[in-house]
Amino acid sequence: MTDVTDGVLHTLFHSDQGGHEQVVLCQDRASGLKAVIAIHSTALGPALGGTRFYPYVNEEEAVADALNLSRGMSYKNAMAGLDHGGGKAVIIGDPEQIKSEALLLAYGRFVASLGGRYVTACDVGTYVADMDVVARECRWTTGRSPENGGAGDSSVLTAFGVFQGMRASAQHLWGDPTLRGRKVGVAGVGKVGHHLVQHLLDDGAEVVITDVREESVRRILDKHPAGVTAVADTEALILTEGLDIYAPCALGGALNDDSVPVLTAKVVCGAANNQLAHPGVEKDLADRGILYAPDYVVNAGGVIQVADELHGFDFQRCKAKAAKIFDTTLAIFARAKEDGIPPAAAADRIAEQRMAEARRR
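Draft legend 1. Quick peek at the packing of aromatic side chains. Taken as a whole, this structure holds three aromatic pairs when the rule is applied. Relative to Tyr-56, the ring of Tyr-54 has its centre 5.1 Å away and its plane inclined at 70°; by these criteria the two rings are edge-to-face. With 6.4 Å between their ring centres and 70° between their planes, Phe-313 and Phe-315 make a pair best called edge-to-face. By relative accessible area, Phe-315 is classed as partly exposed at 32%. Note that Lys-191 overlies the ring of Tyr-127, its terminal NZ or CZ placed 4.6 Å from the centroid. Above the ring of Phe-160, the side-chain terminus of Lys-319 is found at 5.1 Å from the ring centroid.

Written as structure tokens, this is what we have:
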């Protein structure tokens, strides 16, 4: 047995980050598909979470990402008030190189084989058009195009929810929910980030951006020649003088032992999943007086949208649910203050309580 398997088994059965109900390794040699589907919990209902398509360094990294992301989805769905557990899938490989119709169809067959225990959607590296293909083999597919009975791009409501989390953070810290006059740094201006920038500018914020893709930065600067500036990278962004809010909107692990000690922002609130690199980072933020809006709470707008798709999509109904992220975030801050714990721990307690109550029914 390899070290990779040993590590996976230890995480599943012995680690605090484990506790997953089911992990499925999928391979289709003909199409080149290699995928991991992780179901963390079905206590509240069928596991719901997106499909990430990413060129992982190795299989161990891919499995670890699937485990972490699926666990996060259990908490996200619980805090969003959805009747869904948490799941996530990752497809291993560069989507620009290996993504094909045959690969997506093969992936759809694997999801379908779970019989509805896992409902998939878009994530990093997958798009609405991809879900349309997956849906040809699997009816438990959300994030499809309106032409194919879906809700379309979920990044619109994801960004709206993050904006509500920012407003709640401003209300809690500065006594006013507006971001007018605040300087907000957005790391990652892709699917979600570029919508978030629009919300911030509409509210009167000054925005600083960065992205590993030059074309993503250029799109924002061309559209908003006033009110937006760009910096070279995330390191430059978090060191920006006068930054009020830092919004990680790319991949996870943005809050770590290197970034937290040098953050200039008073608030962290972004769309990226799994922003805390390891347990304990939330305490480091609190010790520095930095208010952290838990990622899985504020970025739940997208999952609210795709969950609604299963019951007949209505955008205004979804937007009203996503607007409640403002109140949920404020409730977490209040619980954190009451219990004397960081907001991330308070959110975990509330989510775990809902899941525990569901198991006792």
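Draft legend 2. How the structure looks around the packing of helix α13 (residues 315-323) against helix α14 (residues 325-339). Closest axis-to-axis distance for the α13/α14 pair is 5 Å, and the angle between their directions is 20°. Accordingly, the angle class assigned to the pair α13 and α14 is roughly parallel. Between α13 and α14, the contacting residues are Lys-321, Ala-322 and Ala-323 on the first element and Ile-325, Phe-326 and Asp-327 on the second. Among the residues making up the contact of α13 with α14, the classes are represented as four nonpolar, no polar and two charged.

Each value, and the rule that gives it
Residues numbered from 1 in each chain as written. Predicted model: local features only at pLDDT ≥ 70, side-chain atom pairs only at ≥ 80, totals over all residues. Heavy atoms only, no water. Phe/Tyr/Trp six-rings, centres within 6.5 Å; stacked < 30°, edge-to-face > 60°. Buried < 20%, exposed > 50% of the residue type's maximum accessible area, 1.4 Å probe, protein only. Lys NZ or Arg CZ within 6 Å of the ring centre and 35° of its normal. Axes fitted to C-alpha atoms, helices over the stretch in contact; angles between N-to-C directions. Helix = DSSP H or I, 4+ residues; strand = E, 2+ residues; numbered from the N terminus. Parallel < 35°, antiparallel > 145°, perpendicular 65-115°, else oblique. Contact = heavy atoms within 4.5 Å. Nonpolar A, V, L, I, M, F, W, Y, C, P; charged D, E, K, R; others polar.

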